[in-house]
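Chain residues, written in single-letter form:
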Amino acid sequence: MSSAPNNQSLRPGYIVNIILIIFLALPLLLSLVFVPLLMSNAFHTSGGYGLGQLSLMFVIPLVVGGVAGMAFCTGSRSKPSSPWARYLPVAAPLIIFIGIAVYAYAVSNGNYNSPAWGVFAWANPAYLIVNLLLSLSGYGGLMPVHVLSAAAGFVLGFVLWDFRRRQFSGTAGMRWAAGCLVAAVAGSWLFMGIANKEQIQDGIAKLRYGETGMKTDLAEYDLSQMAPFKKNNGLATLGSKPQLSLTDLNEMPRLDGATALYPVYAAFAETVYEGLAEWDKHKPATESRNNLYVSVDEFPYSIVKCSTTPNAYENLMNKIADIIIVAEPSQSQLEQVRAREDEFVMTPLGSDAFVFFANKKNPAENLTINQIRDIYTGKITNWKEVGGKSVDILPYQRPQDSGSQTAMQNKVMKGLEMMEPTTVTRAGGMGEVISKVASYRNSKNALGYTFMYYASSMVKDNRIKYLAVDGIKPSPETIRDGTYPFAGQFYAVTLKSNTSPQVRKLLDWMTSAEGQTLVEKTGYVPATAPAPKK
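Everything numeric in this text was worked out from a predicted model, so none of it was measured.

Rules and cut-offs
- Residues numbered from 1 in each chain as written.
- Predicted model: local features only at pLDDT ≥ 70, side-chain atom pairs only at ≥ 80, totals over all residues.
- Heavy atoms only, no water.
- pLDDT = per-residue confidence, 0-100.
- Contact = heavy atoms within 4.5 Å.
- Helix = DSSP H or I, 4+ residues; strand = E, 2+ residues; numbered from the N terminus.
- Polar contact = N/O pair within 3.5 Å; in protein donor to acceptor, adjacent residues only side chain to side chain.
- Phe/Tyr/Trp six-rings, centres within 6.5 Å; stacked < 30°, edge-to-face > 60°.
- Buried < 20%, exposed > 50% of the residue type's maximum accessible area, 1.4 Å probe, protein only.
- Pairing = 2+ DSSP bridges.

Looking at the confidence of the model for the protein chain
Phase 1 of the analysis: Averaged over all residues, the pLDDT of the protein chain equals 78, while 73% of them reach at least 70.
Phase 2 of the analysis: In this model residues 529-534 is a low-confidence stretch, pLDDT under 50, and it forms 7 contacts with partners more than four residues away in sequence or in other chains.

A word on the environment of Tyr265
Phase 1 of the analysis: Within the fold, Tyr265 resides in helix α8 (residues 262-272).
Phase 2 of the analysis: Taking the C-alpha atoms as reference points, Tyr265 and Val304, separated by 39 residues in sequence, lie 8.2 Å from one another.
Phase 3 of the analysis: Contact partners of Tyr265, with chain neighbours within four places excluded, come to Leu255, Asp256, Gly257, Ala258, Val304, Lys305, Cys306 and Ile325.
Phase 4 of the analysis: A distance of 3.1 Å separates the side chain of Tyr265 from the backbone nitrogen of Gly257, its partner in a polar contact.

A look at the packing of aromatic side chains
Phase 1 of the analysis: Following the criterion strictly, the structure yields 18 aromatic pairs and no others.
Phase 2 of the analysis: One aromatic cluster is present, built from ring pairs that chain together Phe354, Phe356, Tyr376, Tyr449, Phe451, Tyr484 and Phe486.

Considering the pairing of strand β4 (residues 323-326)
Phase 1 of the analysis: Of the two faces of β4, both are covered, the one formed by Ile323 and Ile325 as well as the one formed by Ile324 and Val326.
Phase 2 of the analysis: With 3 bridges joining them, strand β3 (residues 255-257) and β4 adopt parallel strand pairing. Its bridge partner being in β4, Leu255 is matched across the sheet by Ile323.

Re unusual backbone geometry
Excluding glycine, most residues fall at negative phi; most peptide bonds, likewise, are trans.
Phase 1 of the analysis: Note that the residue after Phe299, namely Pro300, is joined by a cis bond; omega there is 5°.
Phase 2 of the analysis: Residue position: Pro300 is located in the loop between α9 (274-281) and α10 (309-317).
Phase 3 of the analysis: Positive phi, close to 60°, is recorded for Lys319, a residue that is not glycine.
Phase 4 of the analysis: Mapped onto the elements of the fold, Lys319 is located in the loop between α10 and β4.
Phase 5 of the analysis: Judged by its relative accessible area of 52%, Lys319 is exposed.
Phase 6 of the analysis: Backbone geometry at Lys414 places phi at a positive 50°, although glycine is not the residue there.

Listed below in structure tokens is the structure:
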């Protein structure tokens, strides 16, 4: 049995050496490993991060930290023999990191894109390069993993070396060593459990209903790329001068609407709003908006904006918008407009398929209408019951009053009450639903719904597949002939109280041959096509 150095109290040199290793040497060493990896294609897989990335960010730092802990024990001659003086400085950085991580997680409510995680990032600035690359690559949820793993590995290596060399002073030393092991292993895994609450099964992370609070702040499709008058925006064009041309900015109807329908009314504006095009062409040199007719409130950018379905209805009722291009209103939106002693005027513009989709790796190909209803009421919970493998179904939902949620309730559920979504199965935007269903970790589980045009023409995520409904695949042909059961119209919605002649002129043009041509060229089935069968 080796004799421990005969020093009972903390020594500054001992503490400084630990700080240098954990806060400088380990981060720099791991940066040399992870920076090239993160900048290569080897780390990235389609569908977000899964077990491969999680393993790399956990195992490599754990091993490197363990080797560093053992090397420190081997080379250091100033280790105290007193248990508390020996182990407290070793475990303290890990305890501090866990505390800051739990704080950041609580403040951010699980959103790894929240500024609260800046506190964690600056707790050890030497990791900033790796953490920045993780965030920019969409792997922000892995940021605390490698930091905690490296600190835990150092503790583990230190304690294992002591066990091997029997560097303990009685029962107290054993207790301190055991405590460090608990802090290293249980502490790190406890945090990861709080942050993810996942069960590993069949080689994937299987998320169960209601057992996680983790959220991802996923961005919607970048609509600014198809803003009217922007070069190469890809909007549909007539190829000839339109019969209607509006030149006075102050008389142009203000347009708003759903995300998926922005390409339609942006094309309307680019074709008809000649005065806005001229203003945009000759705008002051100091103007810096760069054609972002999406969410800017300043006139005249507010003439063509996209607020999403629920906000567009709100803007219409508040008379901030004159015409909104959206799906049918929800019951609550109808009640709100009646409470204001007004009515919605619905002008059909075209049709789109309301589709259900799963990950391409899911073997299920078809759902019946009754199966969909049973899934979303909670009667069916396993894919095995509907042609898939034996894994829980993760049925995503959208927020109330969103276009797709209203379509789901009105067209599919037909009065049946949907089960309450959990923090896992609630998705804010349509892009978020697609990203989550497409993700590697949800490859066997997830089910989502949206409008076909948004998924196929805007997001274009080839990691998902549309499911047939009652054996009918969604397509422009099955929308036209009415065989696909969930084909639905979208509308130009105005208020009955708005009697502006310019609004009437634009509505008439939207439903004319020219307006319907733009609807069809955009990718929708125009309103002049046969109505879907009931």
